[in-house]
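Structural overview for review
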2 protein chains.
Amino acid sequence: MPARVVAGGKENSVETPVESTRERLLNVAEQRFGEGGYEGTSLRAITVAAAANIAAVNYHFGSKEALLRAAVARAMAPVNTERRRRLDQLEAAGTPSAEQLIRAFVEPGLDLVLRRGERGAVVARFIGRIAFDPSQRIRELYVAESDPIEARYLAALRLALPHSAPEAVAFGYVNMLGLLALHQSQALTPAPGGVELEDPGKLAENLIAFLVAAFDRGLRA
Amino acid sequence: MPARVVAGGKENSVETPVESTRERLLNVAEQRFGEGGYEGTSLRAITVAAAANIAAVNYHFGSKEALLRAAVARAMAPVNTERRRRLDQLEAAGTPSAEQLIRAFVEPGLDLVLRRGERGAVVARFIGRIAFDPSQRIRELYVAESDPIEARYLAALRLALPHSAPEAVAFGYVNMLGLLALHQSQALTPAPGGVELEDPGKLAENLIAFLVAAFDRGLRA
DNA sequence: CTCTGATTCAAACGATCGTTTGAACTATGC
DNA sequence: GCATAGTTCAAACGATCGTTTGAATCAGAG
């Protein structure tokens, strides 16, 4: 099969840059692993959707897990870059407040859902799903990408909340990570009884306000 | 094989009441589904650990999914009973505050981890895991058990927070569900960089304080 | 045009999956 | 002791899994 395959495997009236097999595999892997989790997604499901031969996974990546690792690294890179840029900027201007830090950490993750179209939502769901996969081995793929910048944010939050115990700030911090992952994976809708939640466009503001209140007033001294 | 099998499949010096095959399957299913998720857990892994024949699953439950359904119903029953009892009690005494409602909802779930020994922690992890399984079909097994009492709690929270928009209270509520599930499944430790969190014995108090602050001050009007 | 490296292919492998089946065993009632 | 229902067993099935293999195709350099 020639490399010239229209994006998404379907003809469209505007010819878009052709994805390589490797890129199609990564794109579909993100989508399917996000939807079904690692164990609930087979290589055959991925390769069929990517219009690729099943052996292509082993050729380009080495194994199923290596495909996942590559997808996680690719997905996390821009989010971590943006978090790092914003933290550098904040720290250059003085000691950031808890709200500034929470915002700088949360917004890059939620922008995926809210501002990057369908692809952004796919990436966000993928990241949220892998961050809390049942298997520690899989979660470690996420941790490897995120721990350095996350440790910096935790340290900065501690400085921003001098009246709270360091362990309490750490407690708040992992709650923030957990909630962010759940929102990224769009796992928190609908509410019990099917009641609508808030306007999705305001998710970032609502989550940030929720977290800021919890950090400012809900951590022990 | 006779029915007289010591608990846990190992000899011990004190003979405990003999579990039936059905009970051993449910106990091991809770543990293994909690650790690995539904798709990451095979029937053979469960039946080997339960010292049972693989056909016993189909005989007692009908299918792998039916085994899971039975385990979820069994695990949720006491938690929901306690939540219902506490809500009835609160409403009999007047209009409960947000803190009282959060406490009445969260404590039964966390008591599993904190006060019911190893078995309680296994059940908590199981519930937390299934509540946010990637597959909607699996999550619905949890929803079927919990939606009625959860809908009552949401309604009561709205009464307790008259200055917050109803959708905002619903937003807070699903965040509470998500955080509770993460803590039950013990998915939020350790913190980035391996920093220790709070004293596990204080998890309930810490989580409740965190949530109360978020509900009281972090929801939009 | 030829050669070489990159890439894709169809087919197959061994392993494991969930489910089914007929036989054997156990417990209980008469 | 016998009959019956409940329960467990070993074995097998068809399907799917991730990985491997040798062949074929494609792209690019000389």
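Structure shown above.
Source: prediction; values computed, not measured.

1. A closer look at helix H5 (residues 98-115) of chain B
All names here are of chain B. Helix length check: H5 (18 residues) gives 24 Å between terminal C-alpha atoms against 26 Å at 1.5 Å per residue, within 8%. A bend of about 35° at Glu107 is the largest found in H5, and the proline Pro108 appears one to four places after it. Counting buried positions along H5 yields 13 of 18 residues, so the element is predominantly enclosed.

2. Considering the relation of the copies chain B and chain A
One copy of the chain maps onto the other through a rotation about an axis followed by a shift along the same axis. In the superposition of chain B on chain A (RMSD 0.0 Å, axial shift 0.0 Å), the rotation amounts to 180°. The symmetry that links the two subunits is that of a two-fold axis. The rotation axis passes nearest to the C-alpha of Ala214(B) in chain B, at a distance of 2.2 Å. Most of the interface of chain B is mirrored in chain A, where 100% of its interface residues are also at the interface.

3. Observations regarding the environment of Ala204(A)
Residue and element names in this part refer to chain A. Relative to the helices and strands, Ala204 is located in helix H9 (residues 203-217). Here the alpha-carbon distance between Ala204 and Leu114, two residues 90 residues apart in the chain, equals 8.5 Å. For Ala204, the residues in contact, after removing those within four places along its chain, are Leu110 and Leu114.

4. Some remarks on the packing of helix H7 (residues 136-160) of chain B against helix H8 (residues 166-184) of chain B
All names here are of chain B. Relative to each other, H7 and H8 sit at 130°, their axes nearing to 10 Å. Compared by their axis directions, H7 and H8 come out oblique. In terms of crossing hand, the pair formed by H7 and H8 is right-handed. In this structure, H7 uses Glu150, Tyr153, Leu154, Leu157 and Arg158 to contact H8, whose residues at the interface are Pro166, Glu167, Val169, Ala170, Tyr173, Met176 and Leu177. A class-by-class count of the residues in the contact of H7 with H8 yields nine nonpolar, no polar and three charged.

5. Here's the deal with helix H8 (residues 166-184) of chain A
All names here are of chain A. Taking 1.5 Å of rise per residue, the 19 residues of H8 would be expected to cover 27 Å, and the 27 Å separating its terminal C-alpha atoms lies within 8% of that figure. For H8, the tally of buried residues reaches 17 of 19 residues, placing the bulk of the element in the interior. Backbone geometry just downstream of H8 places Gln186 in the positive-phi region, at approximately 50°.

6. Description of the interface of chain B and chain A
Contacts between chain B and chain A engage 49 residues on the former and 49 residues on the latter. Put simply, chain B and chain A have zero salt bridges between them. Where chain B touches chain A, the interface holds three residue pairs in polar contact (both at pLDDT 80 or more). Of all elements in the fold, only helix H1 (21-36), H7, H8 and helix H9 (203-217) of chain B reach the threshold of two or more residues within the side of chain B that touches chain A. A breakdown of the residues in the side of chain B that touches chain A according to their chemical character gives 27 nonpolar, 10 polar and 12 charged.

7. Describing the protein's contact with DNA strand D
Surrounding DNA strand D, one finds 17 residues, the nearest of these being Leu43(A), Arg44(A), Thr21(B), Asn53(B) and His60(B). Within the side chain of Thr21(B), one N or O atom sits 2.2 Å away from a phosphate oxygen of DNA strand D. Between DNA strand D and His60(B), the relevant distance is 2.4 Å, taken from a phosphate oxygen to a side-chain nitrogen or oxygen of the residue. Elements that contribute at least two residues to the surface near DNA strand D include exactly helix H2 (43-49) and helix H3 (55-60) of chain A together with helix H3 (54-60) of chain B. The element that contributes the greatest number of residues to the surface near DNA strand D is H3(B), accounting for three residues. Of the residues in the surface near DNA strand D, the class split is seven nonpolar, seven polar and three charged.

8. Examining the protein's contact with DNA strand C
Close contacts around DNA strand C come from 17 residues, with Thr21(A), Asn53(A), His60(A), Leu43(B) and Arg44(B) the closest. When atoms of DNA strand C within 4 Å of the protein are sorted by moiety, sugar and phosphate together comprise 55%. His60(A) places a side-chain nitrogen or oxygen 2.4 Å from a phosphate oxygen of DNA strand C. Side-chain polar atom of Arg44(B) to a base nitrogen of DNA strand C: 2.6 Å apart, as the coordinates give it. Mapped by element, the contributors of at least two residues to the surface near DNA strand C are H3 of chain A together with helix H2 (43-49) and H3 of chain B. For the surface near DNA strand C, the class distribution of residues is seven nonpolar, seven polar and three charged.

9. Concerning the nonpolar core
Core analysis: the biggest nonpolar cluster contains 151 residues, and Leu157(A) and Leu157(B) have the highest contact counts within it. Those residues in contact with Leu157(B), other than ones at most four positions away along the chain, are Ala98(B), Leu101(B), Ile102(B), Val169(B), Tyr173(B), Met176(B) and Phe215(B).

10. Focus on the pattern of salt bridges
One pass over the structure, following the stated rule, counts 26 salt bridges over all chains. Between Arg103(A) and Glu99(A) there is a salt bridge, with its nearest N and O atoms 3.3 Å apart. Highlighted residues: Arg103(A) and Glu99(A), both in helix H5 (residues 98-115), separated by four residues, approximately one helical turn. Note that Arg69(B) is salt-bridged to Glu65(B), the shortest N-O span being 3.6 Å. Separated by four residues within a single helix, Arg69(B) and Glu65(B) lie in helix H4 (residues 64-92), roughly one turn from each other. Here Arg69(B) falls in the partly exposed class, since its relative accessible area comes to 41%.

What counts, and where the lines are drawn
Residues numbered from 1 in each chain as written. Chains lettered and ligands numbered in written order. Predicted model: local features only at pLDDT ≥ 70, side-chain atom pairs only at ≥ 80, totals over all residues. Heavy atoms only, no water. Helix = DSSP H or I, 4+ residues; strand = E, 2+ residues; numbered from the N terminus. Expected span 1.5 Å × (residues − 1). Bend = angle between axes of the 7 residues up to and from the residue. Buried < 20%, exposed > 50% of the residue type's maximum accessible area, 1.4 Å probe, protein only. Least-squares fit on C-alpha atoms with pLDDT ≥ 70 in both. Contact = heavy atoms within 4.5 Å. Axes fitted to C-alpha atoms, helices over the stretch in contact; angles between N-to-C directions. Parallel < 35°, antiparallel > 145°, perpendicular 65-115°, else oblique. Left-handed = near helix turned anticlockwise from the far one by under 90°. Nonpolar A, V, L, I, M, F, W, Y, C, P; charged D, E, K, R; others polar. Salt bridge = Lys/Arg side-chain N within 4 Å of Asp/Glu carboxyl O. Polar contact = N/O pair within 3.5 Å; in protein donor to acceptor, adjacent residues only side chain to side chain. Near = heavy atom within 4 Å. Core = buried A, V, L, I, M, F, W, Y, C linked by side-chain atoms within 4.5 Å.

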